Amino acid sequence: DAGITQSPRHKVTETGTPVTLRCHQTENHRYMYWYRQDPGHGLRLIHYSYGVKDTDKGEVSDGYSVSRSKTEDFLLTLESATSSQTSVYFCAISPGGEGVREQYFGPGTRLTVT
Amino acid sequence: QQPVQSPQAVILREGEDAVINCSSSKALYSVHWYRQKHGEAPVFLMILLKGGEQKGHDKISASFNEKKQQSSLYLTASQLSYSGTYFCGTDPGGANNLFFGTGTRLTVIP
């Protein structure tokens, strides 16, 4: 299994509070991704990173920001959480390099915004 | 840009075969297939690339019709361990940024 951990694994927070989710990898992979998974929507890309300090927006980036100061860590921040951000958040990594490459997913973080 | 998967759910007996379809309205560079068991992370199964190259699982096969922007996943002689939700992810630009379908729930019963 790819070495990916996510923390916390579960979190309950109140509307309007800031929340940061962490993804940590031990594979030294170049690409990292944040997805959210909701019933009826499948997985949707929030942000991704193609290197340290290199990030870009995905399909559903509004209300989220990311940072990557080290190869191994990719942080997802909800500046002011809303109930619509209640979801399961998955981090994924990919080796990059030449050609299309597979993505390996972390165990997920279940976030509930009350 | 979300692809459409069909069927939404299927129940099989052990040993039966199934086909899961994935269709996009956009031209595709590649199609990725993942399986997710309840409460777990998605697990990579296969990538199909424009031009015919495939990478992935040796016991599951798939096809990719570039002209129709469609892919099919073939599960033969199903086992109980095949149960789960199957997702296709489509990559229109070759940048590996995927758009996932809503999934097909496969249940294999004894």
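Our subject is the structure listed above.
Rules and cut-offs
- Residues numbered from 1 in each chain as written.
- Chains lettered and ligands numbered in written order.
- Predicted model: local features only at pLDDT ≥ 70, side-chain atom pairs only at ≥ 80, totals over all residues.
- Heavy atoms only, no water.
- Helix = DSSP H or I, 4+ residues; strand = E, 2+ residues; numbered from the N terminus.
- Buried < 20%, exposed > 50% of the residue type's maximum accessible area, 1.4 Å probe, protein only.
- Polar contact = N/O pair within 3.5 Å; in protein donor to acceptor, adjacent residues only side chain to side chain.
- Contact = heavy atoms within 4.5 Å.

1. Regarding unusual backbone geometry
Moving on, step 1. With an omega of -10°, the peptide bond running from A:Ser7 to A:Pro8 counts as cis.
Moving on, step 2. Take A:Pro8: it is sitting in the loop between strand E1 (4-7) and strand E2 (10-13).
Moving on, step 3. Here the residue pair B:Ser6 and B:Pro7 is connected by a cis peptide bond, since its omega of -10° sits within 30 degrees of zero.
Moving on, step 4. Tracing the chain through its elements places B:Pro7 in the loop between strand E1 (4-6) and strand E2 (9-13).
Moving on, step 5. Backbone geometry at A:Asn28 places phi at a positive 60°, although glycine is not the residue there.
Moving on, step 6. Structurally, A:Asn28 is set in the loop between strand E3 (19-25) and strand E4 (31-38).
Moving on, step 7. For A:Asn28, a relative accessible area of 61% corresponds to the exposed category.

2. Here we look at the side chain of B:Asn97
Moving on, step 1. Summarising the element assignment, B:Asn97 is placed in the loop between strand E9 (84-91) and strand E10 (99-100).
Moving on, step 2. Given the relative accessible area of 16%, B:Asn97 is considered buried.
Moving on, step 3. Reaching out from B:Asn97, the side chain makes a polar contact with the side chain of A:Tyr48 at a distance of 3.2 Å.
Moving on, step 4. Contacts of B:Asn97, omitting those with residues within four sequence positions, involve A:Tyr33, A:Leu45, A:Tyr48, B:Thr90, B:Asp91 and B:Pro92.

3. Quick look at the environment of B:Ser25
All names here are of chain B.
Moving on, step 1. The residue Ser25 is located in the loop between strand E3 (18-23) and strand E4 (30-36) in this model.
Moving on, step 2. When its relative accessible area of 66% is taken as the criterion, Ser25 is described as exposed.
Moving on, step 3. Sequence separation between Ser25 and Gln1 is 24 residues; the distance between their C-alpha atoms is 7.1 Å.

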